[in-house]
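# Descriptive structure summary
Listed below are the residues making up each chain.
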Amino acid sequence: MKILIAEDETELQKSIAIYLERDDNVCEMASDYHEALYKIDLYEYDLLVLDINLITGSGLDILKLLKRNRSETPTIIISANNSLDDKLEGLDLGADDYLTKPFHLAELNSRIKAVLRRGKFGGNDRLEFHEISIDTRSRTAYVNEQTLSLTRKEFDLLLFFVTNKGRVLSKEIIAEHLWGDHSDLADNFDFIYVHINNLRKKLTEAGAKYIKTAYGSGYKFVEE
């Protein structure tokens, strides 16, 4: 999953990112209110980890903007403030969970997985699309109950396609989602074509022909 960590404590920010990346998440970071708003406006995330007390602004104000814009991005608030009023306000503004500092990174990771299960995956660790089945916990994909041999990025790409089925995804969006801030370092998007072609070949050989090219626009995961 692609996660934005909006946290002004640099060491905690880095610790969260390192821990979450162990589960193959793509983590981007924002250290203050304005940087967080900029990235939220520019990119799409599967989940936000949002500190209330950001430099130059409040995380609660970001939540208010997200609610005003009818954003459906799941959000977990982290805060050193254990005030019941802050918790209630954050949850009333649409936050999916609230975690008080200090906390164990393992607990944050578990809460992130729970929020994503409730949201994107309908409360399950397993995502289904016709004959395709994706186990997000074991990071394994199946077609007609036969295991697909996928690389890490191919698995991430398949999950991204299935959770955005029917939507045209440009190569820029795909690169940014799978590689985060590092996608800007690429001179071209040849690596995207390679991953998509490899994934499409494996799916096709297994009998699942859903990745279509939207010429001039990108790619689309649709039924025949």
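Residues numbered from 1 in each chain as written. Predicted model: local features only at pLDDT ≥ 70, side-chain atom pairs only at ≥ 80, totals over all residues. Heavy atoms only, no water.

The name an unreviewed UniProt entry assigns to the protein is Transcriptional regulator, from the organism Flagellimonas olearia.

### Here's the deal with empty space enclosed by the protein
Using the criterion set out here, one finds one cavity of 30 Å³ or more in the structure. If you trace the largest cavity, you find 14 residues lining it, with Met1, Lys2, Asp156, His177 and Leu178 closest to the centre. Elements that contribute at least two residues to the lining of the largest cavity include exactly helix H6 (152–163) and helix H7 (171–179). In terms of residue count, the dominant contributor to the lining of the largest cavity is H6 (five residues). A class-by-class count of the residues in the lining of the largest cavity yields five nonpolar, three polar and six charged. When residues are assigned to domains, the lining of the largest cavity turns out to be shared by domain 1 (2–120) and domain 2 (126–221), each giving three or more. (1 Å grid on protein atoms, 1.4 Å probe; cavity = no way out; pocket = protein on both sides within 12 Å on 5 of 7 lines; lining within 4 Å. Points joined across faces, edges and corners; volume = space filled by probe spheres on them. Helix = DSSP H or I, 4+ residues; strand = E, 2+ residues; numbered from the N terminus. Nonpolar A, V, L, I, M, F, W, Y, C, P; charged D, E, K, R; others polar. Domains from an automatic or database assignment.)

### Overview of the layout of surface pockets
The volume enclosed by the largest pocket comes to roughly 350 Å³. Lining the largest pocket are 17 residues, with Asp23, Asn25, Lys113, Thr136 and Arg137 positioned closest to its centre. Only helix H5 (105–118) and H6 provide two or more residues apiece to the lining of the largest pocket. Residue contributions to the lining of the largest pocket peak at five residues, all from H5. Across the lining of the largest pocket, the residue classes break down as six nonpolar, three polar and eight charged. Two domains each put at least three residues into the lining of the largest pocket: domain 1 (2–120) and domain 2 (126–221).

### What about the side chain of Asp135?
Following the sequence through the fold, Asp135 ends up in strand E9 (residues 132–135). Note on Asp135: relative accessible area 17%, which makes it buried. One polar contact links the side chain of Asp135 to the main-chain amide nitrogen of Arg137, over a distance of 3.0 Å. Within the structure, Asp135 has its side chain in polar contact with the backbone nitrogen of Ser138 (distance 3.1 Å). With sequence-adjacent residues up to four places away left out, Asp135 is seen in contact with Asp125, Arg126, Thr140, Tyr142 and Phe155. (Buried < 20%, exposed > 50% of the residue type's maximum accessible area, 1.4 Å probe, protein only. Polar contact = N/O pair within 3.5 Å; in protein donor to acceptor, adjacent residues only side chain to side chain. Contact = heavy atoms within 4.5 Å.)

### Concerning the environment of Ser110
Residue placement: Ser110 occurs in helix H5. Ser110 sits 49 residues away from Leu159 along the chain, and the two C-alpha atoms are 19 Å apart.

### Some words on helix H3 (residues 59–68)
For H3, the complete set of buried residues consists of Gly59, Leu60, Ile62, Leu63 and Leu66. Around the axis of H3, the buried residues are gathered within 155° of arc, so they sit on the same side. Of the surrounding secondary structure, the elements contacted by the buried residues of H3 are helix H2 (33–42), strand E3 (47–51), strand E4 (53–54), strand E5 (57–58), strand E6 (75–79) and helix H4 (84–92). For H3, the N-terminal cap is Ser58; the gap from its side-chain oxygen to the backbone nitrogen of Leu60 is 3.0 Å. One or two steps after H3, the chain reaches Arg70, where phi turns positive at roughly 55°. (Arc of directions from axis to C-beta.)

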